[in-house]
Amino acid sequence: MEERALSCLLRSRPTMEQDIKASYLMDHMVSDGVLTQDEEDGVLSKATRKEKDNRAYVSFYNALIREGYGTWPACFYTDLPQLSPEGGKSYWTGISPTVQVKLSEGGVPQRPTVFVNRPTLLTQVREKLRRLQNAVGWVTVFGMAGSGKSVLAAEAVRDHALITECFPDGVHWLSVGQCERAELLVRMQSLCFRLEQGQSLEASLRPPGSVEEARERLRFLMLRRFPRCLLILDDIWDINSLRAFDIQCRVLLTTRHRDLTDSVSGLRYSVPVESGLDEEKALEILSLYVNAKPQNLPEQARRIVEECKGSPLVVSLIGALLRDFPDRWGYYLRQLQKKQFQRIRKSSSYDYEALDQAMDASLQVLDDEHRELYKDLSVLEKDVKVPAKVLSVLWSLELEEVEDVLQEFVNKSLLFRDCNRRPYLYYLHDLQLDFLTEQNRAQLPKLHGKVVCQYQRAYTEGPPTSGDEEDLYWYRFLPCHMARAGLSKELCSLMFSLDWVKNKAQLMGSAHLINDYVEYSAILDREFQEFLSLNGPQLEQKPLPDVVQLALSQPCCSEVYRQALLQAQRSASRGQLYLDWVNKSSLESLSRLVVHPQQSSVYHTCFSRDGSKIASCGASSTLRVFKSTSGERLQEIQAHDDEILCCAFSPDDRHIATCSSDRKIKIWNVERGTLIRMFKEEYEEQVNHCQFTNHQRRILLATCSNDKIVNTKVRNTLFGHMEPVNHCCFSPDDAYLATSSNDGSVKLFEVASANEWKTIQVAQYFPESDEETSITVKCSTWSADGARIICAARNTAFVFDVATLGMLLEIRTSRLSTVQYCQACPTSQLLALALSHYTVELWDFEVNKKMAECSGHLSWVHCVQFSPNGSLLLSCSDDQTIRVGPAFSSRSGPLSGQTDVSLTTGDMPHRLMVVSFFPTLTSAIPMQVLETPSGNILATLHGHTKTVHHCLFTDNGQTLITSSEDATLRVWKWMTGECRVLEGHQEPVRKFHLLGGSSSSPMLLSWSFDGTVKVTLSKLHDLKCHEAAILSGDVTPGEHLFSTGSADNSAKVWSCTSWKMEFCLSGHKACVRSCRFSWDDRRLATGDDNGEIRLWSMLDGALLKTCAQNTKDCMDSFHGGWVTDLHFSPDNKVLVSTGGYIKWWSVQRGEALQTFRTTGANLKRIHASPDFKTFVTIDNMGILYILKQVEGRL
């Protein structure tokens, strides 16, 4: 041994003899091959020691790490000796340190302490893995539980040549197990996080919000960053979990089901694992446990192997018991034999004849106290790893005591420890947990109740918030413990706590919350579930929005609102800002119906032709039909063997067609739920879409599939596409069929002749794309008159003229989203887009204007449909819900039913005046002067021919001044209707200001899109302020300066006396849409179209602060859209801004104080009361918001 290594050992020897249990370390050293069994016996029985070489020192160091001896390994690290070269490979694994690091970073489990090689199986697995060197595919290791599949998979990749030649990009291990969709998403998120390590902060992404999004993220990572890596999926149970990882990569999976990979793409190989070890291997395991040679084992050893049929798990359990009591061979054999023909659990999911006997025998060696502690583990969930801190709470023991107890369980193979994570996580094998659950079945409610009681004692101040493994366990499983303990009252109290909602949403996302409310819906009220459903997209954002502020928008009679108001009042007394929407009671719910048709993703939904029914289908292979008014279920049909991708009503509503991943097309009788006809040999790949003709005169069914050539059929095959076809739809007159394909095109076929009529190459409108990122056209839809065809690809919808094939319009949504489905309204020019960022957008495709954004879904929206009369909108999502609500024409607010509404306020002596203006079909634009709070109409004024942008009452309230899109200003005597027209601007007048309003010679300062500022009334000045349009302006309260904000990305400050420019403020990267002076004339706030707000000094024009959140939102903005208005508080400490939502900012710090999210978007203006405690605004859906600051209460 090197002298420095020997010296380090000698220096540390006295302290080590007190701290370290040598027998445990020597188990690892025997496993590493540096000690023999005889040498270990000699060390244990003699005071002297045998000379060790350098390898023994390294083995000793690694054993310290495996046994978790804290800081001890660090003491020896610097003196590690250099080993003699052995081809660059580690002597204990046969692989190089570089590869060993790859396996460790990929989460590959360590080799168990007692390990027996199975060379035949290892050779088979490695040989199959080598076949994936140049092609993606699957290697399945299958066998019954406890047969050693996971150990075999981990050992197979401990091969230097295999990793360096076939998988140089690494190996990544993921334990899947039995899990619901939400839990599967968590596992996929963790894998995404691991794979994205090392990327820059700018490149880092938020966690994927759905399984589909996670799958696409993993597909991208595997393609771009790890094209030659191996993904190991441990313990896959079902086909849905497996499909989530069908991402065109190399996969090794362990499972109990041999045929799981039959439905995935790529090469497929399998390796069966026998259920038990042969006698030689089983005896070898026992010999390692008892430190004896196999030939020296007593006869009872062979009989134990025979009784348990060589089960690796049972042999390991008995071996661990014998390690501490080597003379109990006969005793443990008798324990097995006594119950050989009396199986304790005839209903067990595991058909192991000796498992329960072995488990019972292993418990007998525990003392009474530890046996009771072990019984508490009956409440754990399968495939869940628990940190020691959780058990410290459960057992009321110090953490160090808990770790000692767990170490004893691990040493006796009663528990497993994940050493790849710190702190260590502990878990039971499925067989052990199954045994414990059955043995303590009568006591399970009491045991779950104990968990709840101990949690309540430990967290008297409220739920934990640190976000470590312990916290995550409580947030995931505390509701489960309460439900299984029968503690309904406690469960309701927990789930109706906004603190719990806020903390869990922040740590785990809203999908987990919704899953809890769905799972325990029989116990819980639906109020909180609806609150989360409506606010799910916000709860997925980072940083997490203020949950209390979101809850204040709930109905005043709800428990959600009551709790939120109490919390807001307490927080307001400490200086925190909250706003109460005081007039929300006058607004009807915009969500008429929410249906949870199934416990899986909903892929498609549609109205019947008379609008009275809704059909839905999805991942559950079940077709369901509901009443569109109440959600009452009318029919439920187990329609296919695999997920159903589409369903469609016939024109007479008597039949409904379904198509599926099982390649079959079926037609059903709606009333009876019986199968009318089945087509099962039309296609060789999954059938993506089906649709009947629109009229009854000749009923035809069109279908399309993933086949490469024969992929579209009506009566005959329609040839044209050479790639899968995703969608097909008939024109309104049924003369043509439009098909949308992965080849980047939309084709129009003549239905009568089945000939191709026209082709639209959509891919050409994405010049930045390349071969690796081909353009997929998701779907298409016809306008009501059939003159236009609209198709969706990526985040864009294109409107084409059918006659000329010319593109008329390009509708682009958020760059962070994709259009999943589109449909044109059958009665208007509205277009509905279903998006991957959880929303539905409504656009007017005549003018390319977004009319509304409908939120509420918690995951990707797969489909959206208008009702036949165009009044209702139907959508479905991965969040397992269907939503029915009014279409935009019926989604107007309390002020107007028109498409554009604005307001302004005048500060009158005794009342607040509100003026609303909206375009009509006539040439004159009506304006209404309303009295509040009564809402009485005091006057209606006609004169402007286009939208009115701004208005102002004079101090005496007798005169009203307005500016308009028609480039004019008008001065009204509003009580009589008398009007004076001021002309001069060449383009729309956005705003104006009355200078010296109380003087005898006031001046009217106005600014326009033509880039000029004009001074009219008593004096006349024309200023050319910008080359581009002036979008905003303001005047200081002292009226000595005025500002202009322009489309040239700059703002300028001018003198009101010399009319010369004082400052040019540059730095914005988008149009300066708004500007506002502070009340003390010392600051100017400017807001741009990126959602950024800047604060400037009016002393020298210097930039003081930039107000913006850390990341852009789903609308590619820092503010949900353009910053359209700004206001300072009277003390100049707070700034309020409008955009896609309303935000309040600290002027001193530039940080957001609060955010209020409106139902609609595109807020144009906000009006603040003189005390800055009441705010009035209106969204693009015509909804009026009167917000009042919540007063504090002790």
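Rules used in this analysis
- Positions within a chain are numbered from 1, following the residues in the order the chain's sequence is written.
- Per-residue local features of the predicted model are confined to residues with pLDDT of at least 70, and side-chain atom pairs are confined, for both listing and counting, to 80 or more; whole-chain, interface and lining totals are unaffected and use all residues.
- Only heavy atoms go into the side-chain values, all of them from the structure, while hydrogens and water stay out.
- Residues enter a patch when their relative accessible area is above 30% and they make no salt bridge; the linking distance is 9 Å between like charges and 5 Å between nonpolar side chains (Val, Leu, Ile, Met, Phe, Trp, Tyr).
- To measure how exposed things are, a 1.4 Å probe is used in the Shrake-Rupley method; for residues, cover is taken only from the protein chains shown.
- By definition, a salt bridge exists where a carboxyl oxygen of Asp or Glu is found within 4 Å of a side-chain nitrogen of Lys or Arg.
- Secondary structure is summarised from DSSP: a helix means a run of H or I of at least four residues, a strand means a run of E of at least two, and numbering begins at the N terminus for each.
- Only protein chains enter the area calculation, which uses a 1.4 Å probe; residues under 20% of their type maximum are buried, those over 50% are exposed, and those in between are partly exposed.
- Helix axes are fitted only over the stretch in contact, all axes being lines through C-alpha atoms; the angle between N-to-C directions runs from 0 to 180 degrees.
- By definition in this entry, angles of less than 35 degrees are roughly parallel, angles greater than 145 are roughly antiparallel, angles of 65 to 115 are roughly perpendicular, and the rest are oblique.
- Put simply, a crossing is left-handed when the front helix is turned counterclockwise from the back one by less than a right angle, and right-handed when it is turned clockwise.
- We call two residues in contact whenever any of their non-hydrogen atoms come within 4.5 Å of each other.
- Given a helix with a known number of residues, its expected span is that number minus one, times 1.5 Å.
- Here a strand pair is declared whenever DSSP counts at least two bridges between the two strands.
- As used in this record, nonpolar core signifies buried Ala, Val, Leu, Ile, Met, Phe, Trp, Tyr and Cys residues forming a set joined through side-chain atoms within 4.5 Å.
- UniProt positions are given in the numbering used here, feature names are shortened, and annotations may be inferred rather than shown by experiment.
- Per residue, pLDDT measures the predictor's confidence, with a range of 0 to 100.
- Residues scored as charged are limited to Lys and Arg (positive) and Asp and Glu (negative), so that His and the chain ends carry no count.
- Lys charges are placed at NZ, Arg charges at CZ, Asp charges at CG and Glu charges at CD.
- A pair of aromatic rings is counted whenever rings of Phe, Tyr or Trp (Trp by its six-membered ring) have centres within 6.5 Å, and the orientation is called stacked for planes under 30 degrees apart, edge-to-face for over 60 and tilted otherwise.

S.K.: Give me the lowdown on a nonpolar patch on the surface, citing residues and values where you can.
M.R.: Where nonpolar side chains cluster on the molecular surface, the patch consists of Ile-709, Val-710, Phe-719 and Met-722 and spans about 370 Å² of accessible area. Inspection of the secondary structure assignment puts Val-710 in the loop between strand E20 (701-705) and strand E21 (712-713). The class of Val-710 is partly exposed, set by a relative accessible area of 31%.

S.K.: Which residues make up the packing of helix H23 (residues 469-484) against helix H24 (residues 488-495), and what values do they have?
M.R.: Two numbers describe how H23 lies on H24: the axes approach to 8 Å, and their chain directions differ by 155 degrees. By the angle between their directions, the pair H23 and H24 is classed as roughly antiparallel. Considering how the two elements wind past one another, H23 and H24 form a crossing that is left-handed. Touching Leu-478, Pro-479, Met-482 and Ala-483 of H23 are Glu-490, Leu-491, Leu-494 and Met-495, all from H24.

S.K.: How would you summarise the pattern of salt bridges if you had to cite specific residues and measurements?
M.R.: Counting across every chain of the model gives 37 salt bridges. The salt bridge involving Glu-682 is made with Lys-713; its shortest N-O contact spans 3.1 Å. In this pair, Glu-682 is assigned in the loop between strand E18 (675-679) and strand E19 (687-692) and Lys-713 in strand E21, connecting sequence segments 31 residues apart. Owing to a relative accessible area of 31%, Glu-682 belongs among the partly exposed residues under this scheme. Here the residues in one salt-bridge network are Arg-126, Arg-130, Asp-159 and Glu-165, joined through shared partners.

S.K.: Account for helix H10 (residues 181-195), naming residues and giving values.
M.R.: Its 15 residues place the ends of H10 21 Å apart at the C-alpha level, agreeing with the 21 Å of an ideal helix rising 1.5 Å per residue. All of the buried residues along H10 are Ala-182, Leu-184, Leu-185, Arg-187, Met-188, Leu-191, Cys-192 and Leu-195.

S.K.: I'd like a description of unusual backbone geometry, backed by residues and values.
M.R.: The residue Arg-663 is not glycine, and still its phi comes out positive at about 75 degrees. Mapped onto the secondary structure, Arg-663 falls in the loop between strand E16 (655-660) and strand E17 (665-669). Residue Arg-663 is classed as partly exposed on the basis of its relative accessible area, which comes to 40%.

S.K.: An account of the pairing of strand E29 (residues 807-812) is requested, with residue identities and associated values reported.
M.R.: Note: strand E28 (residues 796-801) against E29, five bridges, orientation antiparallel. The residue of E29 that forms the bridge with Ala-797 is Ile-811. As consecutive antiparallel partners, E28 and E29 are separated by five residues, and within that stretch Leu-805 has a phi angle of approximately 65 degrees, a positive value.

S.K.: Explain helix H11 (residues 211-224) residue by residue, including any values.
M.R.: Taking 1.5 Å as the rise per residue, H11 with 14 residues should run 20 Å; its terminal C-alpha atoms sit 20 Å apart, in good agreement. Next to the buried residues of H11 lie H10, strand E3 (230-236) and strand E11 (602-607).

S.K.: Explain the nonpolar core residue by residue, including any values.
M.R.: With 69 residues, the main nonpolar core has Tyr-374, Leu-377, Trp-395, Leu-406, Phe-409 and Trp-474 as its most contacted residues. Sorting elements by how many residues they give to this core places H23 first, with seven residues. With residues near it in sequence (within four places) discarded, Trp-395 still touches Leu-373, Asp-376, Leu-377, Val-402, Val-405, Leu-406, Phe-409 and Gln-454. Counting residues in each nonpolar core, the second largest holds 41 residues, with Ile-811, Ala-824, Leu-831 and Leu-833 among its members.

S.K.: An account of the UniProt feature "repeat: WD" (unreviewed entry) in the chain is needed here, citing residue identities and associated values.
M.R.: The positions that UniProt labels "repeat: WD" (unreviewed entry) are, in the present scheme, residues 637-678, 718-759, 854-884, 941-973, 1023-1055 and 1065-1106. Helix makes up 0% of residues 941-973 and strand makes up 55%, while its end C-alpha atoms are separated by 10 Å. Here residues 1023-1055 runs as 0% helix and 58% strand, with 12 Å between its end C-alpha atoms.

S.K.: Outline the sheet that holds strand E32 (residues 840-844), supporting the account with residue identities and numerical values.
M.R.: Hydrogen bonds along the backbone pair up the strands of a sheet, which may run parallel or antiparallel. Reading across from one edge, E30-E31-E32-E33 is the order of the four strands in this open sheet, with antiparallel pairing throughout. Edge strands, defined here as strands with exactly one partner in the open sheet, are strand E30 (819-824) and strand E33 (849-854). The average undirected angle you get between the axes of adjacent strands in this sheet is 20 degrees. Sheet topology places E30 next to strand E31 (residues 830-835); five bridges connect them, and they run antiparallel. Looking across to E31, one finds that Tyr-821 is bridged to Ala-834.

S.K.: I'd like to hear about the confidence of the model for the chain, residue by residue, with values.
M.R.: Model confidence for the chain is summarised by a mean pLDDT of 81, while 79% of its residues fall at 70 or above. Contacts from residues 83-93, a stretch scored under 50 in pLDDT, to residues over four places away or in other chains number 30 contacts. This model gives residues 339-354 a pLDDT under 50, and the stretch forms 35 contacts once residues within four places in sequence are excluded.

S.K.: Explain a negative patch on the surface to me, and be specific about the residues and the numbers.
M.R.: Residues Asp-367, Glu-369, Glu-398, Glu-400, Glu-401, Glu-403 and Asp-404 make up a contiguous surface patch of negative charge. Among the elements that take part in the negative patch, helix H20 (residues 399-411) stands out by supplying four residues, more than any other. Tracing the chain through its elements places Glu-400 in helix H20.

S.K.: Break down the environment of His-944 for me, citing the residues and quoting the values.
M.R.: By the element assignment, His-944 lies in the loop between strand E40 (937-941) and strand E41 (948-953). Owing to a relative accessible area of 0%, His-944 belongs among the buried residues under this scheme. Once the C-alpha coordinates of His-944 and Glu-965 are considered, the two residues, 21 residues apart in sequence, prove to be 8.4 Å apart.

S.K.: Could you give an account of the packing of aromatic side chains, naming the residues involved and the relevant values?
M.R.: Considering all chains together, one arrives at 20 aromatic pairs under this definition. Between the aromatic rings of Tyr-765 and Phe-800, the centroid separation amounts to 5.6 Å while the plane-to-plane angle is 55 degrees, which identifies the pairing as tilted. Remark: Phe-800 occurs in strand E28 and Tyr-765 occurs in the loop between strand E25 (756-761) and strand E26 (777-782); sequence separation between them is 35 residues. Between the aromatic rings of Phe-1156 and Tyr-1185, the centroid separation amounts to 5.9 Å while the plane-to-plane angle is 75 degrees, which identifies the pairing as edge-to-face. In this pair, Phe-1156 sits in strand E60 (residues 1152-1156) while Tyr-1185 sits in strand E63 (residues 1184-1189), placing the two residues 29 residues apart along the sequence. Here Phe-1156 and Tyr-1185 have matching classes, each one buried.

S.K.: Could you give an account of the sheet that holds E29, naming the residues involved and the relevant values?
M.R.: Taken together, four strands build an open sheet; the order of strands is E26-E27-E28-E29 and the sheet is antiparallel. Across the chains shown, the open sheet's two edge strands, defined by having one partner strand only, are E26 and E29. When the angles between neighbouring strand axes are averaged without regard to direction, this sheet yields 20 degrees. Judged from the six bridges that link them, strand E27 (residues 788-793) and E28 form a sheet pairing that is antiparallel. Each residue of the ladder has a partner; that of Arg-788, found in E28, is Asp-801.

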